Structure formats: C-alpha cells, structure tokens
Amino acid sequence: DDPADLVPRSPVVTVMGHVDHGKTSLLDAIRKTHVTTQEAGGITQHIGAYQVVNQGRKIVFLDTPGHEAFTAMRARGAQVTDIAILVVAADDGVMPQTIEAINHAKSAKVPIIVAVNKMDREGANPDRVKQQLSDHGLVPEDWGGDTIMVPVSAHKKTGITELLEMIGLIAEMQELKANPNRSAQGTIVEAQLDKGRGPVATVLIQNGTLQIGDSIIAGTAYGKVRAMVNDRGEKVKKAGPSTPVEVLGLADVPAAGDVLLAVDEKTARAVAEKRIAKKRTEEMAHSQKVSLDDLFKQIQEGNIKDLNIVVKADVQGSIEALRQALLNLNNNKEVRVNIVHAGVGAINESDVMLSSAANALIIGFNVRPDANARKLAETEKIDIRTYRVIYEAINDVEAAMTGMLA
Ligand code: GDP
Ligand code: MG
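Residue positions are given per chain, counted from 1 along the sequence in the order it is written. Think of it this way: whatever chain is written first is A, whatever ligand is written first is 1, and the rest follow in order. For a predicted model such as this one, the threshold for reporting local features is a pLDDT of at least 70, and the threshold for listing and counting side-chain atom pairs is 80 or more; totals across whole chains, interfaces and linings nevertheless cover every residue. Based on all heavy atoms of the structure, the side-chain values leave hydrogens and waters out of the count.

## Focus: the overall build of the chain
- In DSSP terms, a helix is any run of H or I states spanning at least four residues, a strand is any run of E spanning at least two, and both are numbered starting from the N terminus. Secondary structure assignment for the chain yields 11 helices and 21 strands.
- We compute the radius of gyration from the C-alpha atoms alone; for a globule the expected value is 2.2 Å times N to the 0.38, where N is the number of residues. A compact globule built from 406 residues would reach a C-alpha radius of gyration of about 22 Å, and the chain, at 23 Å, matches this within 12%.
- Across its three principal axes, the chain shows a C-alpha extent of roughly 65 × 60 × 45 Å.
- Relative accessibility decides the category of a residue: with a 1.4 Å probe and only protein chains considered, values under 20% of the type maximum give buried, values over 50% give exposed, and everything between is partly exposed. The 406 residues of the chain split such that 50% are buried.
- When charges are counted, Lys and Arg are positive and Asp and Glu negative, with His and the chain ends excluded. For charged residues, the charge sits on one atom: NZ in Lys, CZ in Arg, CG in Asp, CD in Glu. If the 46 positive side-chain charges of the chain are averaged to one point and the 52 negative ones to another, these points end up 5 Å apart.

## Notes on empty space enclosed by the protein
- Lining residues are defined by having an atom within 4 Å of a point belonging to a cavity or pocket. Those points lie on a 1 Å grid over the protein atoms alone, cavities being sets where a 1.4 Å probe fits but cannot get out and pockets being open sets with protein on both sides within 12 Å along at least five of seven lines. Grid points are joined across faces, edges and corners, and a volume is the space filled by probe spheres set on the points. Scanning the model with the defined rule gives one cavity of 30 Å³ or more in all.
- Estimates place the volume of the largest cavity at around 40 Å³.
- Thr14, Leu62, Thr64, Ala69, Phe70, Met73, Val80 and Thr81 are the residues that line the largest cavity.
- Here the element with the most residues in the lining of the largest cavity is helix α2 (residues 67–75); it accounts for three residues.

## Describing the site of ligand 1
- As a structural note, the neighbourhood of ligand 1 is formed by 15 residues, with Asp20, Lys23, Thr24, Ser25 and Asp120 the closest of them.
- Pairing of N or O atoms within 3.5 Å defines a polar contact, subject to two protein rules: one partner must be a possible hydrogen donor and the other a possible acceptor, and residues neighboring in sequence count only if both atoms are side-chain atoms. At 2.5 Å from an oxygen atom of ligand 1 is found a side-chain nitrogen or oxygen belonging to Ser25.
- Between Asp120 and ligand 1, the recorded distance is 2.7 Å, taken from a side-chain N or O atom to a nitrogen atom.
- To be clear on the numbers: accessible area is Shrake-Rupley with a 1.4 Å probe, and residue cover counts the displayed protein chains and nothing else. Burial of ligand 1 by the protein amounts to 77% of the accessible area it has alone, namely 580 Å².
- For the shell around ligand 1, the element with the highest residue contribution is helix α1 (residues 23–34), accounting for three residues.
- Split into classes, the residues belonging to the shell around ligand 1 amount to two nonpolar, eight polar and five charged. Whether a residue is near a molecule or strand is decided by its heavy atoms; if any one of them lies within 4 Å of it, the residue is near. Three categories are distinguished: nonpolar for Ala, Val, Leu, Ile, Met, Phe, Trp, Tyr, Cys and Pro, charged for Asp, Glu, Lys and Arg, and polar for the others, with Gly belonging to the last.

## Side note on the pairing of strand β20 (residues 360–365)
- Buried residues dominate β20, accounting for six of its six residues.
- A two-sided burial pattern is seen for β20, the buried positions comprising Ala360, Ile362 and Gly364 on one face and Leu361, Ile363 and Phe365 on the other.
- At least two bridges found by DSSP between two strands are what make those strands a pair. The pairing of strand β18 (residues 306–313) with β20 spans six bridges and is parallel. Looking across to β20, one finds that Ile309 is bridged to Leu361.
- Bridge count between β20 and strand β21 (residues 384–387): four bridges; the pairing is parallel. Considered in β21, the bridge of Ile362 is made with Ile384.
- A crossover counts as right-handed when, viewed with the strands pointing away from the observer, the path leading from the first strand over the helix to the second turns clockwise. Crossover β20 to β21 through helix α10 (residues 371–380) is right-handed.

## Concerning the nonpolar core
- The definition of a nonpolar core used throughout is a set of buried Ala, Val, Leu, Ile, Met, Phe, Trp, Tyr and Cys residues joined through side-chain atoms within 4.5 Å. Judged by nonpolar contacts, the single largest core of 26 residues is most densely connected at Leu26, Ile30, Phe61, Ile85, Ile113, Leu163 and Ile167.
- Ranked by residue count, the leading element in this core is helix α5 (residues 160–174), at six residues.
- Sequence-distant contacts of Ile167, defined by excluding residues within four places in its chain, comprise Pro11, Val13, Ile59, Phe61, Ile83, Ile85 and Ile113.
- Leu307, Val335, Val337 and Phe365 belong to the second largest nonpolar core, which has 25 residues in total. Whether two residues are in contact is decided by their heavy atoms, any of which lying within 4.5 Å being enough.

## Observations regarding the sheet that holds strand β4 (residues 57–62)
- Taken together, six strands build an open sheet; the order of strands is β3-β4-β2-β5-β6-β7 and the sheet is mixed. Since the sheet does not close on itself, it has two edges, and those belong to β3 (49–54) and β7 (149–151), each with one partner. Neighbour to neighbour, the strand axes of the sheet diverge by 30 degrees on average, direction disregarded.
- With five bridges joining them, strand β2 (residues 12–17) and strand β5 (residues 83–89) adopt parallel strand pairing. Opposite Thr14, over in β5, you have Ala84 as the bridge partner.
- Helix axes use the C-alpha atoms of the stretch in contact, all axes being lines fitted to C-alpha atoms, and the angles between their N-to-C directions lie in the range 0 to 180 degrees. Strands in contact with helix α4 (residues 126–135) are β5, β6 (112–117) and β7; relative to β5, the strand with the most contacts, it is inclined by about 125 degrees.
- Sitting on the sheet, α5 touches β2, β3, β4, β5, β6 and β7, and the angle it makes with β4 is about 100 degrees.

## Things to note about the packing of helix α9 (residues 349–358) against α10
- Two elements in contact, α9 and α10, have axes separated by 8 Å at closest approach and are oriented at 20 degrees. Judged by the inter-axis angle, α9 sits roughly parallel to α10. When the axes of α9 and α10 are compared, the crossing they make is right-handed. In this structure, α9 contributes Glu349, Val352, Met353 and Ser356 to the contact, and α10 contributes Asn372, Ala373, Leu376, Ala377 and Glu380.
- Partitioning the contact of α9 with α10 into residue classes produces five nonpolar, two polar and two charged. For classification purposes, angles smaller than 35 degrees are called roughly parallel, those larger than 145 roughly antiparallel, those between 65 and 115 roughly perpendicular, and all remaining angles oblique. Should the near helix be turned counterclockwise from the far one by less than a right angle, the crossing is left-handed, whereas a clockwise turn marks it as right-handed.

## Some points on the environment of Thr24
- The topology assignment puts Thr24 in helix α1.
- Spatially, the C-alpha atoms of Thr24 and Ala154 are 9.1 Å apart, while their sequence positions differ by 130 residues.

## Notes on the pattern of salt bridges
- Every case where a carboxyl oxygen of Asp or Glu lies within 4 Å of a side-chain nitrogen of Lys or Arg is listed as a salt bridge. One pass over the structure, following the stated rule, counts 14 salt bridges.
- Residue Asp293 pairs with Arg385 through a salt bridge whose shortest N-O separation is 3.2 Å. You can see Asp293 sitting in the loop between α6 (265–284) and α7 (295–300) and its partner Arg385 sitting in strand β21, a full 92 residues away along the chain.
- A relative accessible area of 17% places Arg385 in the buried class.
- Close ionic contact of Glu320 with Arg323 constitutes a salt bridge, the shortest N to O distance being 3.5 Å. Separated by three residues within a single helix, Glu320 and Arg323 lie in helix α8 (residues 316–328), roughly one turn from each other.
- Connected through shared salt-bridge partners, Asp194, Arg197 and Glu246 make up one network.

Structural data, given as structure tokens:
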C-alpha cells in the first residue's frame, strides 16, 4: 500500500485469563455500557465480535474469550489481535491459565493490559496481584514498570471507561493503519453452516473494503458476497478496516483463522481448487513441524533457527533445572533453544495449541499429555517427548541438534 492511502483504523482486542476470573462478565459489561445503538426490538445479533465507542474512538472486541481460540487462529497464520486484555481476579490472583495467557500474548508479540477484576469482592488484593504479575515479567507502571493495570469490577461496572481509555492510549501509540480503498483482506473469526442461509462466516476485515458482490476466497472455501450483517444485526453493503461482519455467500464453511481475500472470480475458484488438492497431499505427506527426529535435517536446510520448546513438569524445581540445562545448550550452536512456555502440570490442549502456533516441541518431565492434548498433538503433528530423567531429556535435545540422535 502507498503510505498516502493509509488511514487510522480501530484496535482489535482479545480478552484472556484464567477460567472464572470474569472474561465473559467483562465483555458483557463493556458491551452494556458502551454499545451506543439500541437494537430495534432489543434483539441482539451475536456475531462473535463487536465494536464499542469510547470518546468518539471505536474499539473492536473479539467475543471468543480465551487464549486457546486466540492461539488456534494464530496457528493458522492469522494475527488478528492488536491488544490483549489479561483478566485477573483480584481475590484469586495469578493462576496457571493466567501464566499461559501471558506467554501466548508474548509469543504473538501483542501488548498486554491487565484488568484486575472483582475489585468489589471482600478478599480483593490488587497489590498481591501486582506482585505476582511482576514475578512473571509484567511490572505495573506505578512500580516503575510499563504494564498498565486497571482495577475493574465487571459486576459493579466500575473501571470500564478507564480500561477503554487505556486501550485507546496503547492503540494510539501503535499507530494502526489500513487502506480502505483496496480489495478486502480479513480473517475468519468463526464460521458455521446455517440451515436456512448456508455457510455463514464472521469476518474481521483488516484491510481494504468488502462489498456486496465481491468474489472471495477463505481457506478452501470460495464464493460471492450475497449479504453482510454488522454486529448490531443491521444489513450493510460494505465493511471497511477493523470492522467485524457476518458474510453470506461462501459455498463452503471456512475455518477460524483462515485468511479471507477479495479476488476476481476465476482466481478465487482456481486458488480454492489448488488448496483443496494441496491439503489432500499434505495430509498424506510428512509434517513440516519441528521434531527431534528430523531436527538436524531441518537445521541444515535452514528451516529452523530457534528450537522452540514448551516445558511441562511435575514440580517447579524440575522446570528450573530443565530450563537451565536446555539454555546451557546454546553455547556455540547454530540453533538457539528458546523456552516458549514452562509450567507445572500435565501437558494440556493449550500447550499443544501454543506449540503449533510457535512451531515448538513439548518436553514433559514426570508428566504426560492428557487425552485431549494427545489427540490434538496427533492432528497438529506436535512432537511430545516425556522423560523421567533430566539428563536424558537434555541428551536427546543435544543429540538432535548435532544430528547424533540414536
Ligand atoms: P470467565 O470464565 O473468565 O468467562 O468468567 P465469568 O465471566 O463467567 O465469571 C465467573 C464468575 O465470576 C461468575 O460467577 C461471575 O458472576 C463472577 N464475576 C465476574 N466478574 C465479577 C466481578 O467483577 N465481581 C464479582 N463479585 N464477581 C464477578
Ligand atoms: Mg467465559
């Protein structure tokens, strides 16, 4: 795009955090306090993303809370989030999924704003939350760090305006821009088959403008835009950058995270057919994901510069020992070990999704993958290695790095 064509666009925000810390409640509170138009008849069209207006500035919220959805999209190559809101309950403090969320956002290089929720609760202890977050690298501004932390109560609807103001501030610094005068490019947020309407896709337009009649392709699905519905349930004829819309007209159901492009009809059809064929051969062929077995080959072919690893163990002490020993391998090696995430507990779906997005392998020490994680690792082709002796884990990684794996 010519810089002259670029105009400011609204930030796109995802809400993450530990279960029950109030992600859904916060999204509800934001919607109730800041969605300006009252829908006719009070029927709220739910489309998986919505815009709010604060002091004349729009903010788009993705309505699928949780870092798993976020990372599932990133695993497909989609970077839709500009800012992550990390919800931490003031009484409960930092929990395992809080740490997962921090690492998912960091891995995607998305700035984090912390919403310290449930401030209305008797046991609310925001200072303890700040201390715990500082231990994980998020140091609050009032302690000399650079992480914005806003006390809120989704129940009492306090702190919401301040939170939106901070989002506006971060967005301003990001100088988010897009060109509305080009063909549309966006990402599928969610999609399903509707009995009456056929495939229905919620699309976040990221660049350009999507219009009725445009030929589109998303993943292996293609078609022509027949109708569009905005987040207030209104029919619209076009949608510009940072606008979520429901799109009708695809012949097939795309996947969340698929990139949507407006292209001419012939290209849409040709690309879709090619992708379908490629998908079939890929499903049969060997995976492109990192694995200890062909690590050396991948290094030699120049496909891998960072060896990304997710570490799970039964106790914190083992994690530290493993981390140190793995990082020690970095001396004089062409490939660098990079610990993407380390945590206590069984290997779960979130670990596998993160590994898929970051092209990491998983090392478990005295822990195993749970059933869901094992299933997902199979489809995502993630290499999971479990050990009972630290030395053996280190030995395997070192041997794989040098092409000496037995
Ligand atoms: P999620 O799992 O992160 O989406 O959490 P929910 O939004 O479902 O909230 C979990 C529980 O915490 C529910 O019982 C909510 O009513 C409660 N909750 C959420 N926000 C607040 C708050 O600000 N104050 C209080 N007291 N309770 C809250
Ligand atoms: Mg929820």
